[in-house]
Amino acid sequence: MPIDIISRVLYDGPEVIPGWEYVKVYGPVVAGLGALKYYCGGTTNTWERDMHGKVFIVTGGTSGMGARLVYELATKGAQIIMLVRSTEDAWVVDYIEEMRESTNNGMIYAEECDLASLHSIRLFATKWLDNQPPRRLDGVLCCAAESIPIGKAKQVTKEGIERQLGINYFAHFHLLTLLGPSLRVQPPDRDVRVLLATCASLALAEIDATDLLWENRRYPSKQPWKLYGTSKLLLGLFAREYQRQLMEYERKDKAVCNVRINLINPGLMRTPSTRRFLSMGSVWGLILYVLMWPFWFLVLKSGVQGVQSFIFALSAPIFIKLTGGNVIQECKIVTKVRKEMDDEELQKAVFQNTETIIATLEKQAAIQRKRNEKASEAKMSTKEKERREDVLVKPETPEELEYKLNKLRSQIGISTSSGMPLFPGDSVLSQPAKSKKKTGKKN
Ligand SMILES: NC(=O)c1ccc[n+]([C@@H]2O[C@H](COP(=O)([O-])OP(=O)(O)OC[C@H]3O[C@@H](n4cnc5c(N)ncnc54)[C@H](OP(=O)(O)O)[C@@H]3O)[C@@H](O)[C@H]2O)c1
């Protein structure tokens, strides 16, 4: 049938095609739209890598591109540890069950690690590092991000950092530096890859190494993307400096560094954060977004298309041979990035200043936590106190349970969970000299 039509078209002209008058008018438009959709869809990864038995920590795996990445890796047999805001969330439980079913992989787990809290990150990292023997780790894939819509008031994390800077940059800095010991002890034959999601908005970044918290500058509520872009550029500077530090680290077995940190720009995608950003977080904006859906469908990538460069950076063997700190976009290494990405001095300064800021904020938060604990203890009635102290009485809250367990642990000589080296400042607050030495070793 098609051959018949083609031969007739060749002999008698295109007019013999049924509905030719419509094809003539609309054909070029449809072809143009198809070409635009194809172009905006980006490049597809062509590399394969066996993921069976590999272990990846993923941030932002519950939504958008991160969810797709979890799906792709789990389908290939990898073990996934997703860092989520709360493991108590019923939605997360359902989500993991569904993901296990759809990928036919039961090794998808969730660990609590709220990126809006430096303390929560430390709790997770300490738990991870406390494992003996050290846990296998083939990569940390950082997809979580926060983008604040235009016109919204400044929002902050638990420690008071502007939310975009806090989650996109400070949280991932904290997580990866705390996980440093785990990254450094992976056997030399393992190819460990750390990937950080970046964005073209880093072109709008304004870096001031002395004002990383953006406190000396007015919060630009009409241009919140400035902070978003800044958080992504800071992440890039961190990747370069941290990679250098890992390369310089002398392993006990004298093996060369087997960790590579790269930055991935997935391109613009139709994900919840894009929807929130384009709809400006308002109902009218959302209605407009829905009305314009055909346009977004044409020009924005799907999660499947967006994740291609991530899969490429995880699979292509070349990356373990290259020094890290590359920006990867459309399954290619991009060489033209911001000039700050080549400024080693700036990268060092930003790294040191970030470390200092995090240490200070953690210390302040620990002091505040202790004060709150004392205040709530003071508010307790004698009856409540008695109930809490009596280990034979059923606890009513998770905190009470933890308290009683710790009491029992100390009675039989096991160290209490609150005695874990979660944060040197916690113990420094009570017994400076002695406990500082003890906890400093593990951290
Ligand atoms: N979308 C784009 O067009 C685009 C373009 C360039 C780059 N990127 C980058 O690509 C990455 C993925 O983007 P996306 O659009 O797919 O993101 P998304 O759908 O908005 O998902 C963001 C993820 O981050 C998690 N997250 C946010 N705050 C958190 C917190 N406090 N603790 C733990 N997790 C938290 C969210 O968890 P919940 O599910 O709990 O909210 C969610 O899983 C981001 O790094 C983004 O910057 C995106």
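Within each chain, residue numbers correspond to sequence positions counted from 1 in written order. Only residues with pLDDT of at least 70 get local features here, since the model is predicted, and only at 80 or more are side-chain atom pairs given and counted; chain-wide, interface and lining totals rely on the full set of residues.

## Description of the overall build of the protein chain
Applicable threshold: Helix and strand definitions follow DSSP, with helices as H or I runs of at least four residues and strands as E runs of at least two, each counted in order from the N terminus. In this scheme the burial state of a residue depends on its C-beta neighbours within 10 Å: 20 or more other such atoms mean buried, 12 or fewer mean exposed, and anything in between means partly exposed; the C-beta positions come from the backbone. Note on contacts: each residue gets a C-beta atom placed from the backbone, and two residues are in contact if those atoms are within 7 Å.
If you tally the helices and strands in the protein chain, you get 19 helices and eight strands. Projected onto its principal axes, the C-alpha positions of the protein chain cover 100 × 55 × 50 Å. Taking all 443 residues of the protein chain together, 34% fall into the buried category. In the protein chain, the share of contacts with a sequence separation of at least 24, taken over all contacts with a separation of at least 6, comes to 75%.

## Describing the site of the ligand
Using the following cut-off: By definition, a residue lies near a molecule or strand when the C-beta atom built from its backbone is within 6 Å of it.
Close to the ligand lie 25 residues; Gly64, Ala145, Ala197, Thr271 and Ser273 are nearest. Those elements that place two or more of their residues in the shell around the ligand are helix 3 (64-75) and helix 9 (272-278).

## Details of the domain arrangement of the protein chain
We apply this condition: Where each domain begins and ends is defined by an automated method or by a domain database.
As far as domains go, the protein chain holds domain 1 (2-40) and domain 2 (55-266 + 301-347). Each of domain 1 and domain 2 has a C-alpha centre, and these two points are 47 Å apart.

## As for unusual backbone geometry
Within the chain, asparagine 104 stands out as a residue other than glycine whose phi angle is a positive 55°. The residue asparagine 104 is located in the loop between helix 4 (90-103) and strand 3 (108-112) in this model. The phi dihedral of cysteine 331 falls on the positive side, at around 55°, and the residue is not glycine. Within the element layout of this structure, cysteine 331 appears in the loop between strand 7 (327-329) and strand 8 (332-334).

## A few points about the pairing of strand 5 (residues 192-197)
The test is simple: When DSSP locates at least two bridges between a pair of strands, those strands are taken to pair.
When you tally the buried positions in strand 5, you get six out of six residues, the bulk of the element. Judged by which residues are buried, strand 5 turns out to be covered on both faces: Val192, Val194 and Leu196 on one side and Arg193, Leu195 and Ala197 on the other are all buried. In the sheet, strand 4 (residues 139-142) pairs with strand 5 via four bridges, with the strands oriented parallel. What sits directly across from glycine 139, in strand 5, is arginine 193.

## Focus on the nonpolar core
Our working rule: By convention the nonpolar core is taken to be a set of buried residues drawn from Ala, Val, Leu, Ile, Met, Phe, Trp, Tyr and Cys and joined through C-beta atoms within 7 Å.
Core analysis: the biggest nonpolar cluster contains 88 residues, and Val58, Val70 and Ile80 have the highest contact counts within it. For this core, the element with the most residues is helix 8 (residues 225-248), which contributes ten residues.

## Examining the environment of lysine 404
Along the chain, lysine 404 falls in helix 17 (residues 398-411). Under the C-beta neighbour-count criterion, lysine 404 is labelled partly exposed, with 19 such atoms within 10 Å. Residues lysine 404 and glycine 324, 80 residues apart in the sequence, show an inter-C-alpha distance of 47 Å. Not counting chain neighbours up to four residues away, the residues in contact with lysine 404 comprise Val391 and Pro395.

## Examining the packing of helix 6 (residues 163-178) against helix 8
This is how the line gets drawn: Every angle, taken between N-to-C directions, lies between 0 and 180 degrees, and every axis is a line fitted to C-alpha atoms, over only the stretch in contact when it is a helix. Oblique is the label for any angle not under 35 degrees, not over 145, and not in the 65 to 115 range, which are roughly parallel, roughly antiparallel and roughly perpendicular in turn. By definition, turning the near helix anticlockwise from the far helix through less than a right angle yields a left-handed crossing, and turning it clockwise yields a right-handed one.
Their axes nearest at 7 Å, the elements helix 6 and helix 8 cross at an angle of 15°. Considered as vectors, helix 6 and helix 8 are oriented roughly parallel to each other. Relative to helix 8, the crossing made by helix 6 is right-handed. Along its contact with helix 6, which presents Gln164, Leu165, Asn168, Tyr169, His172, Phe173 and Leu176, the element helix 8 presents Leu227, Tyr228, Thr230, Ser231, Lys232, Leu234, Leu235, Phe238 and Tyr242.

## A word on the sheet that holds strand 5
Overall, mixed pairing links the eight strands, which are arranged 3-2-1-4-5-6-7-8 in an open sheet. The strands lining the two open edges of the sheet, one partner per strand, are strand 3 and strand 8. The average undirected angle you get between the axes of adjacent strands in this sheet is 30°. The pairing of strand 5 with strand 6 (residues 259-265) spans six bridges and is parallel.

## Quick notes on the pairing of strand 2 (residues 79-84)
This is how it is decided: Think of it like this: strands point away, you trace from the first strand over the helix to the second, and a clockwise trace means the crossover is right-handed.
Burial runs high along strand 2: five of the six residues are buried. As paired elements, strand 1 (residues 55-59) and strand 2 share five bridges and run parallel to each other. Looking at strand 2, one finds that valine 58 is bridged to methionine 82. As a crossover connection, the stretch from strand 1 through helix 3 into strand 2 is right-handed. Taken together, the five bridges between strand 2 and strand 3 define a ladder with parallel strand orientation. Bridging across to strand 3, isoleucine 80 finds its partner in isoleucine 108.

## Some thoughts on the confidence of the model for the protein chain
The predicted coordinates should not be examined in detail at positions where pLDDT is low. Heads up, the condition is: Each residue gets a pLDDT score, which is the predictor's confidence in that residue and runs from 0 to 100.
Considering every residue of the protein chain, the mean pLDDT works out to 89; 93% of them sit at 70 or more. Here residues 417-443 is modelled with pLDDT under 50, and outside its nearest four sequence neighbours on either side it reaches 29 contacts, counting other chains as well.

## Concerning helix 3
Selection criterion: Expected span of a helix: the number of residues minus one, times 1.5 Å.
In this model, helix 3 (twelve residues) spans 17 Å end to end at C-alpha, consistent with the 16 Å of a helix rising 1.5 Å per residue. Residues of helix 3 that are buried: Gly64, Met65, Gly66, Ala67, Arg68, Leu69, Val70, Tyr71, Glu72, Leu73 and Ala74.

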